[in-house]
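# Examination of the molecular architecture
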Amino acid sequence: MASRHGILFCMGLLLFSLIEIVCARDPITFVVFMALGFLSYQPDSKPVLEYADVECYTDVDGKDYRGFVSQTISGLTCQIWTSQTPHIHLRLPSLYPATGIGEHNYCRNPDGHSAPWCYTTDSYQRWDYCHVGFPSDVCHLNILDDETSLDFTEYLKIIAAICLPYIGGVLSSFFIPSKASSPGWYQSLRKPCIIPPSWVLGPMWTYLYISMGYASYLVWRHGGGFDGAMLPLGLYVLSLLFNWIWGPIFFGYHKLGLACVVILSYLATACATVYTFWEIDETAGYLLLPLIGWLSLACMFSIYTWYFNRKIRLGKYRHENGFFESCLKRRMNSYLKGPKQAEKI
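The paragraphs below set out a description of the structure included in this document.

How each quantity is defined
Residues numbered from 1 in each chain as written. Predicted model: local features only at pLDDT ≥ 70, side-chain atom pairs only at ≥ 80, totals over all residues. Heavy atoms only, no water. Helix = DSSP H or I, 4+ residues; strand = E, 2+ residues; numbered from the N terminus. Buried < 20%, exposed > 50% of the residue type's maximum accessible area, 1.4 Å probe, protein only. Contact = heavy atoms within 4.5 Å. Areas by Shrake-Rupley, 256 points an atom, 1.4 Å probe, with all protein chains shown as cover. Expected span 1.5 Å × (residues − 1). Core = buried A, V, L, I, M, F, W, Y, C linked by side-chain atoms within 4.5 Å. Disulfide = S-S within 2.5 Å.

### A look at the overall build of the protein chain
- Scanning the protein chain from N- to C-terminus turns up eleven helices and four strands.
- The buried share among the 345 residues of the protein chain stands at 41%.
- A separation of at least 24 residues holds for 70% of the contacts in the protein chain among residues at least 6 apart in sequence.
- Surface exposure of the protein chain reaches about 19,700 Å², of which carbon and sulfur atoms provide 65%.

### A closer look at helix α5 (residues 198-222)
- End to end, α5 covers 37 Å across 25 residues, agreeing with the expected 36 Å (1.5 Å per residue, within 8%).
- Two residues or fewer after α5 comes G224, characterised by a positive phi angle close to 90°.

### With respect to the side chain of Q84
- Residue placement: Q84 occurs in the loop between β1 (48-51) and β2 (117-119).
- Of the residues examined, Q84 reaches a relative accessible area of 13% and is grouped as buried.
- Ignoring sequence-local partners within four residues, the contact set of Q84 consists of Q79, H89, L92 and G228.

### Overview of the nonpolar core
- Counting 47 residues, the largest nonpolar core has M212, F250, F277 and L291 as the members making the most contacts within it.
- Contributing elements (two or more residues each) for this core: α3 (152-172), α5, α7 (230-252), α8 (256-280) and α9 (282-308).
- With near-sequence residues (within four places) excluded, F250 lies in contact with W185, Y186, L189, K255, L256, A259, F301 and T305.

### Let's talk about the side chain of S302
- Mapped onto the fold, S302 is located in helix α9.
- Classification of S302 by relative accessible area gives buried; the value is 1%.
- Ignoring any residue separated from it by four or fewer positions in sequence, one finds S302 in contact with W246, L256, A259, C260 and I263.

### Some points on the state of the cysteines
- Tallied over the full model, the rule gives two disulfides.
- Paired through a disulfide, C78 and C118 show a sulfur-sulfur distance of 2.0 Å. Disulfide C78-C118: torsion about the S-S bond near -70°, hence left-handed. Of this pair, C78 sits in the loop between β1 and β2 while C118 sits in strand β2, placing them 40 residues apart in sequence.
- A residue is classified by how much of its surface remains accessible, and C118, at 0% relative accessible area, is buried.
- C107 shares a disulfide with C130; S-S distance 2.1 Å.

It is worth stressing that arrangement in space is one thing and function is another; only the former is reported here.
Set out below in structure tokens:
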């Protein structure tokens, strides 16, 4: 049986593949997305064992305590583990898996303290130990499923996160003037020889948009919402803005130099987003790695296109040799004709 998140990710890939095949009439897209959906269909992990009496624990240091005590020995209320206020910390579920911490404020011992503890809600006292009773010799076990059930509203949040990058990309296309986006201008540009074929762009960007959206949901859910994951989600939104404005700048207004600045800024922001996502949820970091590779290729394309087409303007389709290529030809001619002929060149 596959995990609920894996099924949802697979359904998202299938949904957007159908959109692509209807709008672009590209059958290859459907095949690519079916393969990606199959790869995302992963089996469930092993079930989790939990004590029947949640207040029971056996380890002397209380690392197996899974009870509901949420106050310190000094009477302070515990801070939620996924929250970063009032104290910023790195005791996150993604960094300390299977230690009992999560979206709650119950006392735990994830890192080898002498007893269960928690961060406090008092800004003047960072953390304190908790009184959780004494360890027992034996605790009875229950076998529980490893996934908590997601309600309908949670699925809507996942769908909204997945749709956000795609909807923004579609809306940004309306800012491209119809005359400026004619294929004649793009075909007249001198482009690098290693650019992917046009039929790859639709499936690739659709896959990247779905991965980006789902990764942002994982960070939002495991990082404590917008308050707990403000920095990574802010970087993510900034990277989306660079994504959305690059198309109108390049294809709409033909500002090749400005497009280079935007795509380089997009790559730098995406790298920072991957780093911050990785600290909260490792899966979210993995999902954004293909974006880094694709943006590196896009940066090379944008810089090459700007450099070798800086004299081309809208409506002027001049096919001239680039500076680098003409210099190379002169050097090769001088080498083939010998030293005497080279002096005349």
